[in-house]
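Residues per chain are reported as follows:
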Amino acid sequence: MIAAGARPTNLIIDAAGRHLYAISRGSNEIWQFRIAADRPPMLMTLLRVPTGMLPGKPSFDPTGRFLYVPSGAGLEQQRPARG
């Protein structure tokens, strides 16, 4: 179990296996953890970044350098009006 804001919903690990990212929908944040090489592996909190409302499923770009997290509220606002 990890402490990562309110209602963490998605987890993703970078390709090198050094960092874990937790997406928290309840507090609208991305949490970054360093995965220590201890036995058993330990997580150390490195960073907490605010997101837009209702962050969604994260994914890395093809190079693995950038993490993308869509905002569910942003998508809602872009829907065309019904006529």
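In this report, the structure presented in the accompanying data block is examined. (Residues numbered from 1 in each chain as written. Predicted model: local features only at pLDDT ≥ 70, side-chain atom pairs only at ≥ 80, totals over all residues. Heavy atoms only, no water.)

## Observations concerning the sheet that holds strand β3 (residues 29–36)
Strands belonging to one sheet form pairs held by backbone hydrogen bonds; the direction of such a pair is parallel or antiparallel. Short version of the rule: Pairing between strands is defined by DSSP: at least two bridges between them are needed. Helix numbers and strand numbers start at the N terminus; a helix is a DSSP run of H or I with at least 4 residues, a strand a run of E with at least 2. Here, axes are lines fitted to C-alpha atoms. For helices the fit covers the stretch in contact, and angles between N-to-C directions go from 0 to 180 degrees.
Reading across from one edge, β1-β2-β3-β4 is the order of the 4 strands in this open sheet, with antiparallel pairing throughout. Strands at the two margins of the open sheet, each flanked by one partner only, are β1 (8–13) and β4 (42–50). Geometrically, the sheet is characterised by an average inter-axis angle of 25° between neighbouring strands, direction not taken into account. The pairing of β1 with strand β2 (residues 19–24) spans 5 bridges and is antiparallel. Bridge pairing in β2 links Asn10 to Ile23.

## Here we look at a nonpolar patch on the surface
Rule in force here: Exposure above 30% relative accessible area and the absence of a salt bridge qualify a residue for a patch, where like charges join within 9 Å and nonpolar side chains (Val, Leu, Ile, Met, Phe, Trp, Tyr) within 5 Å. Each accessible area is a Shrake-Rupley estimate made with a 1.4 Å probe; only the visible protein chains count as cover when residues are assessed. Think of a salt bridge as a Lys or Arg side-chain nitrogen and an Asp or Glu carboxyl oxygen that are within 4 Å of each other. Accessibility here uses a 1.4 Å probe with only protein chains present; expressed as a share of the type maximum, an area under 20% marks a residue as buried, one over 50% as exposed, and anything in between as partly exposed.
Taken together, the side chains of Leu46, Leu47 and Val49 define a hydrophobic patch exposed on the protein surface, amounting to about 230 Å² of accessible area. Position of Leu46 among the secondary structure elements: in strand β4. Residue classification places Leu46 among the partly exposed positions, given a relative accessible area of 45%.

## Describing the environment of Gly72
Topologically, Gly72 is positioned in helix α1 (residues 72–77). Separated by 17 residues in sequence, Gly72 and Pro55 place their C-alpha atoms 5.9 Å apart.

## As for the side chain of Asp61
What counts, and what does not: By the counting scheme adopted, Arg and Lys are positive, Glu and Asp are negative, and His together with the chain ends is not counted. Polar contacts, as used here, are pairs of N or O atoms within 3.5 Å; protein pairs need one atom able to donate a hydrogen and one able to accept it. Residues neighboring in sequence count only if both atoms are side-chain atoms. What makes two residues a contact is simply this: any of their non-hydrogen atoms within 4.5 Å.
Looking at where Asp61 falls in the secondary structure, it is placed in the loop between β5 (59–60) and β6 (67–68). As a buried residue without a salt bridge, Asp61 has its nearest oppositely charged side chain in Arg65, at a separation of 7.0 Å. Looking at Asp61, its side chain comes within polar contact range of the main-chain nitrogen of Arg65, at 3.0 Å. When near neighbours in sequence (up to four residues on either side) are disregarded, Asp61 contacts Phe66 and Tyr68.

## Details of the environment of Lys57
Its location among the elements puts Lys57 in the loop between β4 and β5. Separated by 12 residues in sequence, Lys57 and Val69 place their C-alpha atoms 6.2 Å apart. Apart from residues lying up to four places away in sequence, Lys57 is in contact with Asn10, Tyr68 and Pro70.

## A word on unusual backbone geometry
One non-glycine residue, Asn28, adopts positive backbone phi at about 55°. Here Asn28 lies in the loop between β2 and β3. One non-glycine residue, Leu54, lies in the positive phi region at around 55°. With respect to the secondary-structure elements, Leu54 resides in the loop between β4 and β5.

Scope: geometric values only; no functional claims are made or implied.
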